[in-house]
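# Notes for the structure review
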Amino acid sequence: MTDAPGAVFVDLDRTLIRSASGPVFQQAMEAEGVLPPGRRLPGDQLMYAFYNRIGLARAAAAVMRGRSAEGTRRAGKRAVESLVELVQPWALAALDAHRAEGRRLVLATTSPWDLVSPLSEALGFDALIATRYRQRDGRYTGRLDGGFVWGAGKRAAVRRWARDNHAELGPSHAYSDSFFDVPLLMAVGHPHPLNADPRLVAVALARRWPLEQWDRAPGVPSLMGWEPYHLVRPLFRPQSFPYARFTLNGLEHIPTRGPVLLASNHRSYFDVVAIGLVAARMGRPVRFMAKQEVFDAPVVGPLARALGGIPVERGSGSGSPMRKAAAALQAGEVVIVLPQGTIPRGEAFFDPLLHGHTGAARLAAETGAPVIPIGLWGTERVWPRSSKVPLMATLHPPRVTVTVGPPVALGLQDAVADTSTLMEGIADLLPDEAREEHVPTDEDLARTRPRE
């Protein structure tokens, strides 16, 4: 027995990557001359559609008879770049968390060893369990070298690896999408049905296994690819808020793909609506950082979590919110931050100079995500901090201006200097009156403070 924390066994198709690897491997083999150009394997489209669902590829060994093993290995290297692009957005973050706890990462797949080994190395797996084809004089014989790594055969291969590498299966984890990997999932102490097919879903529900996904942030539910964001999105349109008039500018500055860090100033509780209109126009889910109190609220809290919100417990010193935000950006998602942290009170509310915390700058330095500034103006006229609800001025609604600017050029070396640059970039998006010195009246100051 050993005190090691076990290992993590990860299936490839529709688990680590979004779809079947077969078509990518076939293109690579054609490019390397293993298969003649334009030559299609018999029934390949049907086979790959079938494989995409249940992971069956035993017939490939016979098809590869007489083919070059070295050419196949070159094809595996050629396929790496395309396969990496198919890796689930949250997969690497999940695997990094396991590695941080001392677990070895093992790619366990039915796919041929010679094709998948380069991908395993490129992604930093500690070991590979895969189907091996027997070779003679550098050519495949059409037979398997060892067992077929599928179903009970995959469980047997994992058990052999665990025995030979002094790993216990009790503390180990296994991830798979396929019903045919139930033997493996039952063999480890921590089964993870991930992107599960219908039959695996039934087994998981019966055995009370958690159903998971790596295509979105942990804790965000989804049905057929639709998140709560997609359900809430139609509600965020200007017509839904008749007590305000909106002007939205510069939305074209927001990238349509890849990681994006949106950073906005903070003037009112109504900022949520103003930024929500931007998020709705983007058409892609967003994650946002908000104070813990939002997530503790009876109705709003569960919704905020379902939308992918990241709670921040002020004064706790916890690094968890920053780690979650960084993981979201590294997964290619959109994260919204308010560098000021809270709505300024008193005379600070009227200060032409905006002051912020360094979190956004540190996230940009860590992830390389572009920082897109958003300037909000007029939201405080709709919902001042002194009011518990918005002011329903439907006859003469105040004007709210939301201006999105181009990415802010940051040095990514000094978080304090970068924060100053970012806040200046946000201030530049505000109207001229925001930069004018203003001596607030007692009534002005009262509107910046919560009502007792």
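Here goes a summary of the coordinates provided. What you see is a predicted model; the values in this text were computed from it and never measured.

## A short note on the overall build of the protein chain
- The number of helices and strands found in the protein chain is 19 helices and 14 strands.
- C-alpha extents for the protein chain along the principal axes are approximately 90 × 50 × 40 Å.
- When burial is assessed residue by residue, the protein chain has 50% of its 452 residues classed as buried.
- Excluding contacts between residues fewer than 6 apart, the proportion of contacts in the protein chain whose partners are at least 24 apart in sequence is 70%.
- Summing over all exposed atoms, the protein chain offers an accessible surface of approximately 22,400 Å²; the carbon and sulfur share of this is 54%.

## Quick notes on the sheet that holds strand 8 (residues 245-249)
- With mixed pairing, the 7 strands of this open sheet are ordered in space as 8-14-13-9-12-10-11. This sheet does not close on itself; its edge strands, each paired only once, are strand 8 and strand 11 (310-312). Going from strand to strand, the sheet's axes swing by 20 degrees on average, the running direction of each strand aside.
- Both strand 8 and strand 14 (residues 399-404) contribute to a ladder of 5 bridges, which runs parallel. From the neighbouring strand, T247 faces strand 14, where its bridge partner is T401.

## What about a positive patch on the surface?
- Among the surface-exposed residues, R65, R134, R136 and R143 lie close enough to one another that they form a single positively charged patch.
- Tracing the sequence through the fold places R143 in strand 5 (residues 139-144).
- Overall, the relative accessible area of 57% leaves R143 in the exposed class.

## Points about the packing of aromatic side chains
- Taken as a whole and judged by the stated rule, the model has 15 aromatic pairs.
- Seen from their ring centres, Y175 and W214 are 4.7 Å apart, and the 40 degrees between their planes marks the pair as tilted. Here W214 lies in the loop between helix 10 (198-207) and helix 11 (228-232) and Y175 lies in strand 6 (residues 173-176), a separation of 39 residues in the sequence. Judged on exposure class, the residue Y175 and its partner W214 are both buried.
- Summarising the aromatic geometry, the rings of F246 and F270 are spaced 6.0 Å apart at their centres and angled 20 degrees between planes, so their arrangement reads as stacked. Taken together, the residues span a long stretch of sequence, with F246 in strand 8 and F270 in the loop between strand 9 (260-264) and helix 12 (271-282) at a distance of 24 residues. For the pair F246 and F270, a shared accessibility class is recorded, and that class is buried.
- A connected cluster of aromatic rings, assembled from ring pairs, spans F236, F241, Y243, F246 and F270.
- Over the ring of W113 we find R132, and its NZ or CZ is 3.6 Å from the ring centre.

## Considering the pattern of salt bridges
- A complete count under the given rule lists 18 salt bridges for this structure.
- A salt bridge links E101 to R103, with the shortest nitrogen-to-oxygen separation between them at 2.6 Å.
- Overall, R103 belongs to the buried group, its relative accessible area being 14%.
- Here D432 makes a salt bridge to R435, at a shortest N to O gap of 3.1 Å.
- Of the residues examined, R435 reaches a relative accessible area of 37% and is grouped as partly exposed.

About the cut-offs
Residues numbered from 1 in each chain as written. Predicted model: local features only at pLDDT ≥ 70, side-chain atom pairs only at ≥ 80, totals over all residues. Heavy atoms only, no water. Helix = DSSP H or I, 4+ residues; strand = E, 2+ residues; numbered from the N terminus. Buried < 20%, exposed > 50% of the residue type's maximum accessible area, 1.4 Å probe, protein only. Contact = heavy atoms within 4.5 Å. Areas by Shrake-Rupley, 256 points an atom, 1.4 Å probe, with all protein chains shown as cover. Pairing = 2+ DSSP bridges. Axes fitted to C-alpha atoms, helices over the stretch in contact; angles between N-to-C directions. Patch = residues over 30% accessible without salt bridge, like charges linked within 9 Å, V, L, I, M, F, W, Y side chains within 5 Å. Salt bridge = Lys/Arg side-chain N within 4 Å of Asp/Glu carboxyl O. Lys, Arg positive; Asp, Glu negative; His and termini not counted. Charge placed at Lys NZ, Arg CZ, Asp CG, Glu CD. Phe/Tyr/Trp six-rings, centres within 6.5 Å; stacked < 30°, edge-to-face > 60°. Lys NZ or Arg CZ within 6 Å of the ring centre and 35° of its normal.

These figures capture arrangement, not role.
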